[in-house]
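Examination of the molecular architecture
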Amino acid sequence: IELLAAWKEQPDSLLWIDLLDYEEKEERSILEGLDLHQLAIQDALRKRHPPKIESYSEHEFLMLRDLENTEQALDFEFFPLSLFVKDRILISRHRKISESAEWLAAKIEKNPELMAEGPASLALQLANHLCRRYVRILIDFEPRMDSLETEMYDKPNDELLSEITKLKSRLRYFKRNTNYHKLIAVSLKEEPPEKFREGLTHEIVDFYEQAERSQSLASLHYDVLTDLSDGCLLYTSDAADEEDS
């Protein structure tokens, strides 16, 4: 709150506010005090909302889909990560700890001069890192897909089919979120809003490439799991017919 007051008094200062573990009433008060659009505030405070990008007269609003992982493969809890981009301030809001926000905070702590790149650049760096995390998760899953294929040919059974079906269901949701992010990246690339137009071409293209790569990998993995599911069904069905005969 003290930094926010100082920022308002110093027209050449830059600020990033990251909201986590605030009461909703207090969050709303902070956001409304920054003259953010009411519709954007309502979306940011929702527990669930699909990713999107919207332009308002005083700011840009990005909603991404962050993820909190568990110990099971591709089993993630997704949660909204909202970004408000104004001329001298970036506001991020999330209800769970964001690995991407912590990464950006650590990066700025090591090199405070990064703040001078401006709120739009910081927002793109955060979005880029999030999409890279999606890519890493999908690449890390590839060895398990290979082993599933081997198991299907060696010893197909109902347990294996059940695992493939669960993974396919999780990946369907994963793929849906990569599609959302790619749509945001395409919009920024083809028609960047006002706050993203000056000197950010490289950052936008980088974000687009990572979003596109995560979407492509998710689609590819989903297709592979679909093939494995169909193959496992066929093998188990054939095995059952042989036992009956």
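Everything below is about the structure printed above this text.
Residues numbered from 1 in each chain as written. Predicted model: local features only at pLDDT ≥ 70, side-chain atom pairs only at ≥ 80, totals over all residues. Heavy atoms only, no water.

**A word on the overall build of the chain**
Counting secondary structure elements, the chain contains seven helices and five strands. Of the regular secondary structure in the chain, the N- to C-terminal order runs α-β-α-α-β-β-β-β-α-α-α-α. Seen through its C-alpha atoms, the chain measures out along the principal axes to roughly 85 × 35 × 35 Å. Counting the 245 residues in the chain, one finds 47% classified as buried. Here the analysis covers contacts within the chain between residues at least 6 apart in sequence; of these, 65% occur between residues at least 24 apart. Total accessible area on the chain is roughly 13,200 Å²; 47% of this is exposed by carbon and sulfur atoms. Here the chain carries 31 positive and 51 negative side-chain charges, and the mean point of each set is 4 Å from the other. (Helix = DSSP H or I, 4+ residues; strand = E, 2+ residues; numbered from the N terminus. Buried < 20%, exposed > 50% of the residue type's maximum accessible area, 1.4 Å probe, protein only. Contact = heavy atoms within 4.5 Å. Areas by Shrake-Rupley, 256 points an atom, 1.4 Å probe, with all protein chains shown as cover. Lys, Arg positive; Asp, Glu negative; His and termini not counted. Charge placed at Lys NZ, Arg CZ, Asp CG, Glu CD.)

**Focus on the packing of helix α2 (residues 24-33) against helix α3 (residues 38-45)**
The contact between α2 and α3 brings their axes to 11 Å, and the two run at 150°. With respect to their mutual orientation, α2 and α3 come out roughly antiparallel. The handedness of the crossing between α2 and α3 comes out as right-handed. Facing Glu-24, Glu-27, Arg-28, Leu-31 and Glu-32 of α2, the residues of α3 in contact are Gln-38, Ile-41 and Leu-45. Per-class residue counts for the contact of α2 with α3 are three nonpolar, one polar and four charged. (Axes fitted to C-alpha atoms, helices over the stretch in contact; angles between N-to-C directions. Parallel < 35°, antiparallel > 145°, perpendicular 65-115°, else oblique. Left-handed = near helix turned anticlockwise from the far one by under 90°. Nonpolar A, V, L, I, M, F, W, Y, C, P; charged D, E, K, R; others polar.)

**Describing the environment of Lys-96**
By the secondary structure assignment, Lys-96 is in the loop between β5 (89-94) and α4 (99-110). C-alpha separation for the pair Lys-96 and Phe-79, spaced 17 residues apart in sequence, amounts to 7.4 Å. Beyond its immediate stretch of four places on either side in the chain, Lys-96 contacts Leu-20, Glu-68, Glu-77 and Phe-79.

**Focus: the pattern of salt bridges**
Evaluation of the coordinates by the stated rule reveals 13 salt bridges. The partner of Lys-195 in a salt bridge is Asp-87, and the shortest N-O contact between them spans 3.8 Å. Of this pair, Lys-195 sits in the loop between α6 (158-190) and α7 (201-244) while Asp-87 sits in the loop between β4 (76-85) and β5, and the two are 108 residues apart along the sequence. Its relative accessible area of 59% is what places Asp-87 among the exposed residues. Residue Arg-132 pairs with Asp-206 through a salt bridge whose shortest N-O separation is 3.3 Å. Here Arg-132 is found in helix α5 (residues 119-154), whereas its partner Asp-206 is found in helix α7, with 74 residues between them in sequence. (Salt bridge = Lys/Arg side-chain N within 4 Å of Asp/Glu carboxyl O.)

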